Amino acid sequence: MDIATDCRQVTRLEIVDTGRRRRWSEGEKLRIVEESYSAPRQASATARRHGISTPLLFAWRKAHREGRLGEGGVCGFVPAMIVPEQPEKGPEPAGAYSNDSGQ
């Protein structure tokens, strides 16, 4: 039977909900990320346990490391630069041009 010869009429159409995007709170994400760090090779098992993809969990872990997830994430360093001290300015030599001469 092909579509041209099958002339049954649809009397009922059922729409099956395939699932919506889940919304995870910051606290839930942070709890899942911390759980994934609890032991070696726990990331994929943690992702399966919570019904999320492993790449999504790794994206959350990266956001946590960069401080974009939770309370500040992993502590880091602030870049610092050492500059040589500037010599103090002494009196100007005689005959030096100055705008304050009042002329």
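Calculation rules
- Residues numbered from 1 in each chain as written.
- Predicted model: local features only at pLDDT ≥ 70, side-chain atom pairs only at ≥ 80, totals over all residues.
- Heavy atoms only, no water.
- Axes fitted to C-alpha atoms, helices over the stretch in contact; angles between N-to-C directions.
- Helix = DSSP H or I, 4+ residues; strand = E, 2+ residues; numbered from the N terminus.
- Parallel < 35°, antiparallel > 145°, perpendicular 65-115°, else oblique.
- Contact = heavy atoms within 4.5 Å.
- Salt bridge = Lys/Arg side-chain N within 4 Å of Asp/Glu carboxyl O.
- Core = buried A, V, L, I, M, F, W, Y, C linked by side-chain atoms within 4.5 Å.
- Buried < 20%, exposed > 50% of the residue type's maximum accessible area, 1.4 Å probe, protein only.
- Expected span 1.5 Å × (residues − 1).
- Arc of directions from axis to C-beta.
- Polar contact = N/O pair within 3.5 Å; in protein donor to acceptor, adjacent residues only side chain to side chain.

Engineer: Can you walk me through the packing of helix α1 (residues 26-36) against helix α3 (residues 54-65) in this structure?
Structural biologist: To characterise two packed helices, one gives the angle between the axes of the helices and the distance between these axes. Put simply, α1 and α3 touch, their axes get as near as 10 Å, and they point 100° apart. Considering their axes alone, α1 and α3 lie roughly perpendicular with respect to each other. Touching Lys29, Leu30, Ile32, Val33 and Ser36 of α1 are Leu57, Trp60, Arg61 and His64, all from α3.

Engineer: Hey, could you run me through the pattern of salt bridges in this one?
Structural biologist: Two side chains that carry opposite charge are able to pair once their charged atoms sit near each other. Summed over all chains, the structure comprises two salt bridges. Here Arg49 makes a salt bridge to Glu35, at a shortest N to O gap of 2.8 Å. Placement of the pair is Arg49 in helix α2 (residues 43-50) and Glu35 in helix α1, with a sequence separation of 14 residues.

Engineer: What is the right way to look at the nonpolar core in this model?
Structural biologist: Generally speaking, nonpolar side chains in soluble globular proteins are found buried as a group. Counting residues in hydrophobic clusters, the biggest one holds nine residues: Ile32, Val33, Ala43, Ala47, Ile52, Leu57, Trp60, Ala63 and Leu69. Among residues more than four places away in sequence, those in contact with Trp60 are Trp24, Lys29, Ile32, Val33, Ile52 and Leu69.

Engineer: How should I be thinking about α2 in this particular structure?
Structural biologist: Because each turn of an α-helix spans 3.6 residues, side chains separated by three or four positions in sequence point in the same direction. Of all the positions in α2, only Ala43, Ala45, Thr46, Ala47 and His50 are classed as buried. Gly51 lies just past α2 and shows a positive phi near 70°.

Engineer: How should I be thinking about α3 in this particular structure?
Structural biologist: In this model, α3 (twelve residues) spans 17 Å end to end at C-alpha, consistent with the 16 Å of a helix rising 1.5 Å per residue. Here α3 has its buried residues at Leu57, Trp60, Arg61, Ala63 and His64. Each buried residue of α3 sits inside an arc of 160° when the element is viewed along its axis, so together they form one side. Of the residues trailing α3, Gly67 is marked for its positive phi of about 80°.

Engineer: Help me understand the side chain of Thr46 in this model?
Structural biologist: Following the sequence through the fold, Thr46 ends up in helix α2. Among the polar contacts made by the side chain of Thr46, one reaches the main-chain carbonyl oxygen of Gln42 at a distance of 2.6 Å. Leaving out residues up to four positions away in the same chain, Thr46 has contacts with Ile32, Glu35, Ser36 and Leu57.

Purely spatial values, then, with no claim about function.
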